[in-house]
Structures are given as structure tokens and as C-alpha cells.
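A structural walkthrough
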Amino acid sequence: MTQSVDIDSPDTDIPALPANGIATTLRAAWAIFRKDIACELRTRYAINTLLLFAVSATTAISLGVGFLGLRRTQEALLIQSALLWIALLFAALNGLSRSFVYEEETRTLTALRLTASPTAVFLGKFCFNLTLVLTLNLVTSLLFIVLLRVRVGSPFAFGAMLTMGGLALTSATTIIAAIISRASFKGALFAVLAFPLLVAPLIVAIQGTAQTLENVTFDVVFGSLRFLFAYVVATFTASLLLFPFVWES
Amino acid sequence: MQLYVSQLSAGYNARLILRGISFELHRGEVLVVSGPNGSGKSTLLRILAGLQVPAGGTVYYTVGQQQFAPRNARHLVGWVAPDLSLYRELSGIENLRFFAQVRGLSVSDTALYELLDLVGLGQRGNDRLAAYSSGMTQRLRYAFALLHRPAVLLLDEPTVTLDERGTAFVDRIITAQRQRGLTVIATNDPRELRYADLLLKLAIE
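Residues numbered from 1 in each chain as written. Chains lettered and ligands numbered in written order. Predicted model: local features only at pLDDT ≥ 70, side-chain atom pairs only at ≥ 80, totals over all residues. Heavy atoms only, no water.

1. Focus on the packing of aromatic side chains
For clarity, the cut-off: Between the rings of Phe, Tyr and Trp (Trp by its six-membered ring), a pair exists once the centres lie within 6.5 Å; its type follows the angle of the planes, with under 30 degrees stacked, over 60 edge-to-face, and the other angles tilted. Exposure categories follow from relative accessible area, calculated using a 1.4 Å probe and restricted to protein chains: below 20% of the type maximum is buried, above 50% is exposed, and the middle band is partly exposed. When the NZ atom of lysine or the CZ atom of arginine is within 6 Å of a ring's centre and also within 35 degrees of its normal, the charge is said to sit over that ring.
All chains considered together, the criterion is met by 14 aromatic pairs over all chains. Ring geometry for B:Phe98 against B:Phe99: centres 5.0 Å apart, planes inclined by 65 degrees, an arrangement best described as edge-to-face. Residue classification places B:Phe98 among the buried residues on the basis of a relative accessible area of 3%. Grouping aromatic residues by their ring pairs yields a cluster made of A:Phe100, A:Phe122, A:Phe126, A:Phe236, A:Phe243 and A:Trp247. We note A:Lys125 situated over the ring of A:Phe100; from NZ or CZ to the ring centre the distance is 5.5 Å. The aromatic ring of B:Tyr195 is capped on one face by B:Arg194, whose charged end is 4.6 Å from the ring centroid.

Below, the structure written as C-alpha cells:
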């Protein structure tokens, strides 16, 4: 059922309290995600920042380090994995704060605060950041494979590790992006706050990804994936609970 | 429907710009808040919209037997203000569609286009906001505020940037709102004092 809007109608009905059901919140979150995607496709600010950083970092690494893929020692695999995650981390730190900072800079936060529930905003922004990170992971890992001639021994486990690592990056940084959007020195503060939170999952992701470059079974990296999953659940839950206070502050 | 404000104080950091503000506003009434720049008119409206927490005092809306603090009454409030920005990358209709969705409203596109017609943007609904003039942006703010048929209309500098037809349109909105609920207007324009059933004059301390 749809309603019409008429400013002249002596509509005496007091608007009902908005339904705070899960379905309503999810629909609002989906609308925020789609709005962010539409705005991003029209401005291409965050995606350009992320991809430019990923491409330039990967190219610089390939030119500076050479074709590490030709040497298949344990140390070489760890170095390849570390370089990949360093490129992903710095690209993410450059672009992931954009969704909230954009709302603050364009002064649209107030309209969003008046209309959307904090939970819907967090979920929508989380999905948008996750989309950015997964796109970034895909492009950067493909560039690594091509430019550094990295051989991926277990593609399925490699993909799972990148996906779970991307989820960990997103779950930890979305709330930080919301916090720093009100600050003066946004860029530096985002990296300073995010880095301590990301050290633990980063180490696990680097080690796990190095293992997936060898021809191993999924069981070998299951421990790393389980750790990252637990990290995502913990940070996502904490962020969801903390976000209303950040949003209303 | 009633708005109750008692001994309200508010400010920024340690400096209070509103002190001891008390009034009651009932359905059908219009409160006009006037005063020089920096006297706290916009701050008062932000508090009534639930966008700012007061330093002290009591503010609540009463609907039937229910009381709502401003932060929990955003579904009741329509807010128009110069510092309200909508999405420049989206068109007028896309903005309204988006805000209807996040409010959980089920409004058809036909109704949204009718609303754009009502605020005088019928021909420009599909243009992006980046191409709007300041007057057109102000008209879209009214469409945003009226989208959910609010019981409380908070208007900060309601006719700023509007032409003569726009001002007449604001007249219509305020007249219609008298039947729907209550209105609070913050203004420096002496011509807008004519809307007032109650007048609150603020001064800089």
C-alpha cells in the first residue's frame, strides 16, 4: 500500500512510531548501501583512490622486488603475502573512511540522522565498505599474480583468506571511519586508530595467505580462517553496539 | 499534540547561549523565535529536532498519552534549515525516494512527483541537485520535510533564498500545518513575525 503526500490536506493523523523491526532496518540499510553505490559511481572518489593506490603499489613492488614468484621458498611466499596485505592495508586506509567523511563534508549527515536508525546506517555503510574492500582485494591480487608472477597453489583457500581478511578489515575500520568523520585530522587519525586494531588479523592473514600460495588442503588454513571469523564477529558486534553512541554524539 | 519546554539551557563548550527558556505549544499554534545572529535560534530548533542535547532543562512532545524526548520524536518532525544538505549527486526524485525508504515509508513515485510539483520542482525532479539553484534546493528541503506528513514542522529561516512564489508556497505550508500539528519558525525577517501565535525573542547575553 502506498501513500500520497498533500501539503494542503488537513491530515490529522499523527505519524506512527516507525517500525523498528529487523525487516524495516534491513530495507533502510539496503537503501543506504544503494545510495552510497550510486553516489560512488557518479563521483568515483573512493574507488579511484583505492584502485590508484593498489595499482601504483603493486607496480612499484613488482619493479622494485622483481619476480619473486620464481623463487618458491617459505620466506619468499611469506614476503609475497606480506607485500600483498601491505598494499591492501594502505589502499584500504586511504579509501575506507570516505563513506562517513563524505557525509560529514557534504553536510548530509544531519538529513541521515533525522531519517535513519543508527543500525541501518551502520549496516549500509558496512556493506558499502565491504564491497569496496572485496573489489580492491580482487584487483590487487590479480595484479600481484600477473605482475609478480605469484603462483597460487590453493586458489579456493586463497580466495577464502582474502574474503575473510577483507571482512576483518571492514569490520574494524567502519566504526573508526564513523568516529574520525567528526575530527579535524581525518586521514592521519584513521590510520593511527585503525592500525592497532588491525595488527592481529593482519599477521594471521599474512601467514594464512602465504600457506595458500602452496598447494595445501583447506584444513591447513582453517585455523587462520577461524581466527579471522572470530575477529569479524567480535568487532562487528562491538561496532554495532557502539555505533549508536558515535552516531548521536 | 503538544510541545513542552521548561528551563531549557544550551550552548557550546562552556558557553551557554540559551538560558531558562520555557514555553508550551499546542496543536495548531505557530511559535516564531526571533533574535540577532548568535542568540541561539538555530540551536533551539536543533534541540527540538533531537539533533542536539541541551545542557539542562526539560523538552518533550506529548502525543495522546505518550511523551517523546526530541531524540525519540524524529518521526514526528519535519526540519527545514539552511544547513540541511541533501545529496548533490542524486536527483531530486532520487533524494526523496531514498529518504522515504530509510524512513520506512511506502510512497509511490507518482506521489513523490506530486510532492515535487507541489514545491514547484515538477519539471526539474530528474535533475541532479548539483544543477539546482539555492532557491530550488530550499524547495527540495520542503519536500524532504513534508515527505512523512510531520506533526511538527521546524523551519529555520523559512523563506531564505525563495522568490515571491516560493514565499507564497511557504504561507500555504504553514497554514496547512496549523491543522496538522505545530510549527516553530526561527527567523530574522520581520515579515515572518506575522505567522506567530507565540513570539519568543532571544537576546545575546
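2. Let's talk about the confidence of the model for chain B
Interpretation of this model should avoid reading the predicted coordinates in detail wherever pLDDT is low. Definition in use: Summary of the metric used: pLDDT quantifies the predictor's per-residue confidence within the range 0 to 100.
Scored by pLDDT, chain B comes out at a mean of 92, with 100% of its residues at no less than 70. Our summary of model confidence lists the complex with pTM equal to 0.89 and ipTM equal to 0.91.

3. Details of the pairing of strand β4 (residues 56–63) of chain B
The side chains of a regular strand alternate between both faces of the sheet. Residues and elements named next belong to chain B. Defined as follows: For two strands to be treated as a pair, DSSP must find at least two bridges joining them. The secondary structure listing takes helices from DSSP runs of H or I that are at least 4 residues long and strands from runs of E that are at least 2 residues long, numbered from the N terminus.
Taken together, the 6 bridges between strand β1 (residues 2–12) and β4 define a ladder with antiparallel strand orientation. Looking at β4, one finds that Val5 is bridged to Val59. With 3 bridges joining them, β4 and strand β5 (residues 66–68) adopt antiparallel strand pairing. When the bridges of β5 are listed, Val63 appears paired with Gln66. Hairpin connection between β4 and β5: a loop of 2 residues separates the two successive antiparallel strands, and Gly64 in this loop has a positive phi of roughly 65 degrees.

4. Some thoughts on the interface of chain B and chain A
The test is simple: The contact rule is simple, with two residues in contact once any of their heavy atoms fall within 4.5 Å. Defined in terms of a 1.4 Å probe, buried area is the accessible area two parts forfeit on being brought together, summed over both. A side-chain nitrogen of Lys or Arg and a carboxyl oxygen of Asp or Glu constitute a salt bridge if their distance falls within 4 Å.
Each side of the interface is counted separately: chain B has 51 residues, and chain A has 40 residues. Between chain B and chain A, the buried area comes to about 4200 Å², and carbon and sulfur atoms account for 58% of it. Of all residues in chain B, B:Tyr87, B:Glu89 and B:Arg149 bury the most surface against chain A, accounting for 16% of the area lost on that side. Remark: the boundary between chain B and chain A carries 3 salt bridges.

5. Re the sheet that holds strand β9 (residues 198–201) of chain B
Residue and element names in this part refer to chain B. Filter applied, for reference: Axis definition: a line fit to C-alpha positions, over the contact stretch in the case of helices; interaxial angles, taken between N-to-C directions, run 0 to 180 degrees.
As summarised here, the arrangement of the 5 strands in space is β6-β7-β8-β3-β9, forming an open sheet in which the pairing is parallel. The strands lining the two open edges of the sheet, one partner per strand, are β6 (77–80) and β9. The average undirected angle you get between the axes of adjacent strands in this sheet is 15 degrees. Two elements, β6 and strand β7 (residues 152–156), share 4 bridges in a ladder whose sense is parallel. Within β7, the residue paired with Val77 across the bridge is Val152. On the sheet, helix α4 (residues 134–146) packs against β6 and β7 and is oriented at approximately 170 degrees with respect to β6.

6. What to know about the environment of A:Ser81
Residues and elements named next belong to chain A. Position of Ser81 among the secondary structure elements: in helix α3 (residues 74–95). Using a relative accessible area of 1% as the deciding quantity, one classes Ser81 as buried. Considered as a pair, Ser81 and Ser141 are 60 residues apart in the sequence and their alpha carbons are 9.9 Å apart. Among residues more than four places away in sequence, those in contact with Ser81 are Ala205, Ile206, Thr209 and Ala210.

7. As for the pattern of salt bridges
According to the stated counting rule, one finds 16 salt bridges over all chains in the structure shown. For A:Glu103, the salt bridge goes to A:Lys35, with nearest N and O atoms at 2.5 Å. Placement of the pair is A:Glu103 in helix α4 (residues 98–105) and A:Lys35 in helix α1 (residues 22–43), with a sequence separation of 68 residues. Accessibility classification places A:Glu103 together with A:Lys35 in one group, the buried group. Put simply, B:Asp127 and B:Arg124 hold a salt bridge, and the shortest N to O gap is 2.4 Å. Looking at B:Asp127, the relative accessible area reads 27%, which means it is partly exposed.

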